Amino acid sequence: MALESEDRPSDSLYISRVWRGRSSGVERMTSVATSNWELVVWQQHGRVHVGVRGPETAASVADVPDESESFGITFSHGTSMPHLPAARLVDAHLDSPHVTAKAFVCRGDEWALPDFENAEQFVARLVREGVLVRDPLVDDVVAGEQPRIGARTVQRRVAAATGLTQGAIRQIERARQAAILLGEGAAPLDVVHRLGYYDQPHLSRSLTRFIGRTATQLQRREAAEPLSLLYKTEG
């Protein structure tokens, strides 16, 4: 039984991460909360599927297609699709209306299937055709920078690009970072102080809501189902 995955960073400002995975004998996984949306391509029994999903505002249990291969492009916080409002993607999954072994339909046009190696070239084509746009302010705000514009304008632009509030993004990203630290062996109290939680009960509630694990389970790697992808980010 295995759920194997690998991921890599990207030099594209539109991409947060590129990943791929393979499942064998795994029926379910815990899908952790994420503040990014992504394009996912997966293949099972010779049939290809393509869809967009997320962000996800809480951890959930998801079925895993047996003997399947998957690939995904996780987009940066400022990246969005004008034809598909970000709010429609929150806690949702939308499949392409038409997929073949080599192409899929997006915004009424046919596109060659991307892969782990050519994700940047694929995204660049989407940008040139106006399928993807980017608001650099949103990435800056999520990274902690203070823009020289009004708070309401910032809130509006963050919500338009991500479908989420700044507060929701901070909570999700902090919980993901806490899970990584605990998995690396950090003590819960150290995580509380390092990431700015009020106390250990506050950390516990956050982990349960966004990761679907307790601190002890993360430290001991105890769980009936594997976790979906968690990866380190700079800062």
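Our subject is the structure listed above.
The model shown is predicted, which means the values in this text are computed figures rather than measured ones.

## A closer look at the overall build of the chain
Phase 1: The helix and strand tally for the chain stands at seven helices and 12 strands.
Phase 2: Here the C-alpha radius of gyration of the chain, 18 Å, is about what a compact globule of 235 residues would show, namely 18 Å.
Phase 3: Seen through its C-alpha atoms, the chain measures out along the principal axes to roughly 50 × 50 × 25 Å.
Phase 4: Within the span of the chain, comprising 235 residues, buried residues form 41% of the whole.
Phase 5: Once local pairs closer than 6 in sequence are excluded, the contacts in the chain between residues at least 24 apart make up 67%.
Phase 6: Here the chain displays about 12700 Å² of accessible surface, and carbon together with sulfur accounts for 48% of that area.
Phase 7: Averaged over its 27 positive side-chain charges, the chain has a centre that lies 6 Å from the centre of its 30 negative ones.

## Some words on the side chain of R8
Phase 1: Tracing the backbone through its elements, the reader meets R8 in strand β1 (residues 2-8).
Phase 2: In this view, R8 contacts R17, V18, F116, E117, A119 and E120; residues no more than four positions away in its chain are not counted.

## What to know about the pattern of salt bridges
Side-chain pairs of opposite charge can arise where the charged atoms are in close proximity.
Phase 1: With the rule as written, the count across this model stands at nine salt bridges.
Phase 2: In this structure, the salt-bridge partner of R20 is E6, at a minimum N-O distance of 2.7 Å. Separated by 14 residues along the polypeptide, R20 in strand β2 (residues 15-24) and E6 in strand β1 bring together distant segments of the chain.
Phase 3: For R20, a relative accessible area of 31% translates into the label partly exposed.
Phase 4: Members of the salt-bridge network, linked through shared partners, are E6, R20 and E117.

## Details of helix α6 (residues 200-210)
Phase 1: Among all positions of α6, only H202, L203, S206, L207 and F210 are buried. Along the axis of α6, the buried positions cluster into a sector of 130 degrees, meaning they face one direction only.
Phase 2: The inward-facing, buried residues of α6 abut α4 (166-183), α5 (188-195) and α7 (215-220).
Phase 3: N-cap assignment for α6: the residue whose side-chain oxygen lies 2.9 Å from the backbone N of H202 is D199.
Phase 4: G212 lies just past α6 and shows a positive phi near 75 degrees.

## Examining the environment of S228
Phase 1: Its location among the elements puts S228 in the segment after α7.
Phase 2: Judged by relative accessible area, which is 16%, S228 ranks as buried.
Phase 3: Expressed as a C-alpha distance, the spacing of S228 and T30, which sit 198 residues apart in the sequence, is 6.1 Å.
Phase 4: For S228, the residues in contact, after removing those within four places along its chain, are M29, T30, S31 and V32.

## Side note on the packing of aromatic side chains
Phase 1: All chains considered together, the criterion is met by two aromatic pairs.
Phase 2: Taking 4.2 Å as the distance between ring centres and 20 degrees as the angle between the ring planes, the aromatic pair formed by W37 and F75 counts as stacked. Taken as a pair, W37 in the loop between β3 (28-31) and β4 (38-44) and F75 in strand β7 (residues 68-75) lie far apart in primary sequence, 38 residues in all.
Phase 3: Judged by its relative accessible area of 6%, W37 falls in the buried class.
Phase 4: On the basis of an interplanar angle of 45 degrees and a centroid distance of 6.1 Å, the ring pair of F104 and F122 is categorised as tilted.

## What to know about helix α3 (residues 151-162)
Phase 1: End to end, α3 covers 16 Å across 12 residues, agreeing with the expected 16 Å (1.5 Å per residue, within 8%).
Phase 2: Among the residues of α3, those classed as buried are V154, V158, A161 and T162. Projected down its long axis, α3 shows its buried positions confined to an angular sector of 80 degrees, all on one face. Structural note: α3 exposes R152, R156 and A160 on the side pointing more than 90 degrees away from its buried face.
Phase 3: Count one or two residues on from α3 and you reach G163, which has phi positive near 80 degrees.

## Let's talk about the pairing of β7
Phase 1: Counting buried residues along β7, six of its eight residues qualify, which places the element largely inside the surrounding structure.
Phase 2: Taken together, the seven bridges between β2 and β7 define a ladder with antiparallel strand orientation. Bridge pairing in β7 places I15 opposite F75.
Phase 3: When β4 meets β7, the two strands line up antiparallel, connected through seven bridges. By the bridge assignment for β7, V40 is matched with G72.

Calculation notes
Numbering of residues starts from 1 in every chain and runs along the sequence as written. Local features are withheld for residues below a pLDDT of 70 in this predicted model, meaning they are given only at 70 or higher, and side-chain atom pairs are given and counted only at 80 or more; totals for whole chains, interfaces and linings count all residues. Side-chain calculation: all heavy atoms of the structure are included, whereas hydrogens and water are not. Comment: elements are numbered from the N terminus, with helices defined as DSSP H or I runs of at least four residues and strands as E runs of at least two. In this setup the radius of gyration rests on C-alpha atoms only. A globule is expected at 2.2 Å times the number of residues raised to 0.38. Under the scheme applied here, a residue whose accessible area is under 20% of the maximum for its type counts as buried, over 50% as exposed, and between as partly exposed, the area being computed with a 1.4 Å probe on protein chains only. Any pair of residues with heavy atoms lying within 4.5 Å of one another is described as a contacting pair. Methods summary: accessible areas were calculated by the Shrake-Rupley approach with a probe of 1.4 Å, and residue burial reflects only the protein chains presented. A positive count includes Lys and Arg, and a negative count includes Asp and Glu. His and the chain ends are not counted in either. By convention, the charge on Lys lies at NZ, on Arg at CZ, on Asp at CG and on Glu at CD. One side-chain nitrogen of Lys or Arg within 4 Å of one carboxyl oxygen of Asp or Glu is enough to make a salt bridge. The reported arc concerns the directions from the helix axis to the C-beta atoms and nothing else. Definition of a polar contact: a pair of N or O atoms within 3.5 Å, with one able to donate and the other able to accept a hydrogen when the atoms are protein atoms, and with sequence-neighbouring residues admitted only if both atoms are side-chain atoms. Two rings from Phe, Tyr or Trp (for Trp, the six-membered ring) form a pair when their centres sit within 6.5 Å of each other. Planes less than 30 degrees apart are called stacked, planes more than 60 degrees apart edge-to-face, and all others tilted. To estimate how far a helix should extend, the number of its residues minus one is multiplied by 1.5 Å. Paired strands are those between which DSSP finds at least two bridges.

Interpretation note: all reported values are geometric properties and have no functional meaning in isolation.
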